2 protein chains.
Amino acid sequence: MPDSSAPNTPAVILVEPQLGANIGMAARAMLNCGLSDLRIVAPRDGWPNTEARDAAVGASRDIVERAALHDTTAGAVADLTRVYATTGRGREMTHRVLTPRAAGPEMRREAAAGKKIGVLFGGERAGLSNEDVSLADTIVQAPLNPEFKSLNLGHAVLMIAYEWLAAEDATDGETLDLGTTHVATKAELENFMRHLVEGLDQGNYFRAIEMRPIVVRNLRNLFQRAQATEQELRTMHGVVEALKRAGRDTAKPPKEN
Amino acid sequence: MPDSSAPNTPAVILVEPQLGANIGMAARAMLNCGLSDLRIVAPRDGWPNTEARDAAVGASRDIVERAALHDTTAGAVADLTRVYATTGRGREMTHRVLTPRAAGPEMRREAAAGKKIGVLFGGERAGLSNEDVSLADTIVQAPLNPEFKSLNLGHAVLMIAYEWLAAEDATDGETLDLGTTHVATKAELENFMRHLVEGLDQGNYFRAIEMRPIVVRNLRNLFQRAQATEQELRTMHGVVEALKRAGRDTAKPPKEN
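If you're wondering where the values come from, they're calculated on a predicted model, not measured in any experiment.

A. Representation of the nonpolar core. If you look at the biggest cluster of nonpolar residues, it comprises 82 residues, and the most contacted ones within it are A:L14, A:L38, A:F121, B:L14, B:L38 and B:F121. If you look at the next biggest cluster of nonpolar residues, it comprises 15 residues, including B:V15, B:V41, B:A85 and B:L128.

B. Geometry of the sheet that holds strand β7 (residues 138–140) of chain B. Pairing within the open sheet is mixed, and its eight strands lie in the order β8(A)-β5(B)-β7(B)-β4(B)-β6(B)-β1(B)-β2(B)-β3(B). On the outer flanks of this sheet lie β8 (174–177) of chain A together with β3 (68–70) of chain B, each paired with one strand and no other. Going from strand to strand, the sheet's axes swing by 30° on average, the running direction of each strand aside. The strands that helix α7 (residues 153–166) of chain B touches are β1 (11–15), β4 (82–86), β6 (117–121) and β7 of chain B; relative to β6(B), the one it contacts most, it runs at about 155°.

C. Focus on the packing of aromatic side chains. As enumerated under the stated definition, the model contains four aromatic pairs over all chains in all. Ring geometry for B:F192 against B:F223: centres 5.1 Å apart, planes inclined by 75°, an arrangement best described as edge-to-face. Of this pair, B:F192 sits in helix α8 (residues 186–202) while B:F223 sits in helix α9 (residues 212–225), and the two are 31 residues apart along the sequence. Per residue, the accessibility class of B:F192 equals that of B:F223, and both read buried. Taken together, a centroid distance of 5.1 Å and an interplanar angle of 80° make the contact between B:Y205 and B:F206 edge-to-face. For B:Y205, a relative accessible area of 47% puts it in the partly exposed group. Taking relative accessible area as the criterion, B:F206 reaches 9% and is therefore assigned buried. We note A:R212 situated over the ring of A:F206; from NZ or CZ to the ring centre the distance is 5.5 Å. Positioned over the ring face of B:W164 is B:R108, at 3.9 Å from the centre of the ring.

D. A look at the sheet that holds strand β3 (residues 68–70) of chain A. One open sheet accounts for eight strands, arranged β3(A)-β2(A)-β1(A)-β6(A)-β4(A)-β7(A)-β5(A)-β8(B); its pairing is mixed. The outermost strands of the open sheet, each flanked by one partner alone, are β3 of chain A together with β8 (174–177) of chain B. When strand polarity is set aside, the average angle formed by the axes of neighbouring strands in this sheet is 30°. Where strand β1 (residues 11–15) of chain A and strand β6 (residues 117–121) of chain A come together, four bridges link them in parallel fashion. Bridge pairing links A:I13 to A:L120 in β6(A). Along the sheet, helix α1 (residues 20–32) of chain A makes contact with β1 and β2 (38–41) of chain A, crossing β2(A) at roughly 155°.

E. Representation of the interface of chain A and chain B. Between chain A and chain B, the contact holds 51 residues from the first and 51 residues from the second. For the pairing of chain A and chain B, the buried interface totals around 4200 Å² over both sides, and the portion due to carbon and sulfur atoms is 55%. Counting every contact that joins chain A to chain B gives four salt bridges. The salt bridge partner of B:R96 is A:E174, with a shortest N-O separation of 2.8 Å. Here chain A is connected to chain B by 24 residue pairs in polar contact (both at pLDDT 80 or more).

F. The state of the cysteines, seen in detail. Taken as a whole and judged by the stated rule, the model has zero disulfides over all chains. Free of any disulfide, A:C33 has its nearest cysteine sulfur in B:C33, 15 Å distant. On the basis of relative accessibility, which here comes to 2%, the residue A:C33 falls in the buried class.

G. Quick peek at the side chain of B:E230. Residues and elements named next belong to chain B. Tracing the backbone through its elements, the reader meets E230 in helix α10 (residues 230–250). Residue E230 is classed as buried on the basis of its relative accessible area, which comes to 19%. At 2.8 Å, the side chain of E230 forms a polar contact with the side chain of R234. If we ignore the near neighbours within four places in the chain, the residues touching E230 are T181, H182, V183, A184 and E188.

H. Region of the structure containing the confidence of the model for chain A. On average, residues of chain A score 92 in pLDDT, and 95% of them are at 70 or above. In the predicted assembly, ipTM is 0.87 and pTM is 0.88.

I. Representation of the relation of the copies chain A and chain B. When chain A is brought onto chain B, the operation consists of a screw motion whose angular component is 180° and whose axial shift is 0.0 Å, with 0.1 Å RMSD remaining. Such a combination of turn and shift is consistent with a two-fold rotation axis. Rotation axis and chain A: the residue whose C-alpha lies nearest the axis is A:H155, separated from it by 3.1 Å. Of the residues that chain A buries at the interface, 100% are likewise interface residues in chain B, meaning the two copies contact each other through the same surface.

J. Up close: helix α5 (residues 100–112) of chain B. Spanning 13 residues, α5(B) covers 18 Å between terminal C-alpha atoms, matching the ideal 18 Å at 1.5 Å per step. Within the sequence span of α5(B), burial applies to B:P100, B:A103, B:G104, B:E106, B:M107, B:R108, B:E110 and B:A111. In this structure, the buried residues of α5(B) make contact with α7 (153–166) of chain A together with β4, β5 (95–98), β6, β7 and α7 of chain B. Directly beyond the C-terminal end of α5(B), a positive phi value near 95° is found at B:G114.

K. α9(B), seen in detail. Spanning 14 residues, α9(B) covers 20 Å between terminal C-alpha atoms, matching the ideal 20 Å at 1.5 Å per step. Immediately beyond the C-terminal end of α9(B), within one or two residues, lies B:Q227, with a positive phi of roughly 50°.

L. View of the pairing of strand β2 (residues 38–41) of chain B. Residue and element names in this part refer to chain B. Every second residue of β2 is oriented toward a common face, with L38 and I40 on one face and R39 and V41 on the other, all of them buried. Across four bridges, the pairing between β1 and β2 is parallel. Considered in β2, the bridge of V15 is made with V41. Each parallel crossover has a hand, and the one from β1 via helix α1 (residues 20–32) to β2 is right-handed.

About the thresholds
- Residues numbered from 1 in each chain as written.
- Chains lettered and ligands numbered in written order.
- Predicted model: local features only at pLDDT ≥ 70, side-chain atom pairs only at ≥ 80, totals over all residues.
- Heavy atoms only, no water.
- Core = buried A, V, L, I, M, F, W, Y, C linked by side-chain atoms within 4.5 Å.
- Buried < 20%, exposed > 50% of the residue type's maximum accessible area, 1.4 Å probe, protein only.
- Pairing = 2+ DSSP bridges.
- Helix = DSSP H or I, 4+ residues; strand = E, 2+ residues; numbered from the N terminus.
- Axes fitted to C-alpha atoms, helices over the stretch in contact; angles between N-to-C directions.
- Contact = heavy atoms within 4.5 Å.
- Phe/Tyr/Trp six-rings, centres within 6.5 Å; stacked < 30°, edge-to-face > 60°.
- Lys NZ or Arg CZ within 6 Å of the ring centre and 35° of its normal.
- Buried area = accessible area lost by both parts, 1.4 Å probe.
- Salt bridge = Lys/Arg side-chain N within 4 Å of Asp/Glu carboxyl O.
- Polar contact = N/O pair within 3.5 Å; in protein donor to acceptor, adjacent residues only side chain to side chain.
- Disulfide = S-S within 2.5 Å.
- pLDDT = per-residue confidence, 0-100.
- Least-squares fit on C-alpha atoms with pLDDT ≥ 70 in both.
- Expected span 1.5 Å × (residues − 1).
- Right-handed = clockwise from strand over helix to strand, strands pointing away.

Now the structure itself:
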């Protein structure tokens, strides 16, 4: 019985899968991406399948255990309103063909509109039959290396499930993981630069005085480009002092010169 | 020796992988997406590994056989200018974090600019150590189901390799696979509609004559929305004639009435 309170997510339908390990890996990929409705049509090694359960890890074992077994592909798609067929090769049929990247947002729109969606995946040896493909509204074909197009079954499920997930993902493409600190304010950066340059002046670093502003600017750029944090600048203050101490302590006592 | 005529593609670096099967599956995923530079750091079961070779299929076995073995992660990244670390969990370090979707285009830009790129993947049990992560410029973290984030190693490699591939894929998101036919011209569609409606008139289908234009329009919409091909319309011409024949042949001879 479908749970009407559950989100409307696509069913994954494995048609005549051969290896239990691939069924388990498909379940794992599904749960990684928030899917849970697994349907299996005429698995070669019967059902239940211990290898499938073993290959799925942790909570994805529940997906294997709750998978619906069907005798025919037609039976497995009977309650669906929108069916996609994944295939790596062209068919002698007129069909809409989507890339996985285009299929993700489309599936999201359809699910939001209340359609019940399923995606067909063929068995390891020969993929989907033309008969199976003809039960689908649309083909999904990944633009892979033309000389090596055949995806592992679990990988194919991951790719589609991942596109479903990514189509509504709102994570920033780029973030800075800061832990408990913050990127240094400009005042904190200037404070450090002052400390550093003071030490450099003491150490007689700027032999050509006209280069001083350029070198200072380049050093500032380095810490700025790194988005140095307040914590890192505190560390660097300590580094400056430690290097000065190192110079002092290893300096030969003038007496022995 | 790097082949300077080969395209500049990212290296995949598996750090202390445990299962040979996962190494083989990673190689398969790499070749699916056009990658070939596999490096392996201190694999648990030694090297070469028969299971790795067996799990890779076809040409991806070459990738396993040519994989470079390293004792340390630092050694495996020594020739690279840009290193990404894949991880599912936050680290106590300040780091740039990209989604795989954002990492794909960035890796393409960097490769185009001549940078040599590598992506680190941790072992099955614990992922990358903080030590390994600190060798990387940037973290890549996939926004997965927060309650089930751990990806299989081969799946993780596929996800990154696929984003590399997809970032420069120029395939139309949606196409119509037509084989040798074409979507019917409007003249071909009108010709079929004339034939169909003529048959419907003969069959006395339009009992309410004021509904005729509306029903004809709805039928036209159906074939138009399907983007019916010239070949399909030829088939439909035959269907119309066959149905008319069926009516004629099963009609009781008037004599016997």
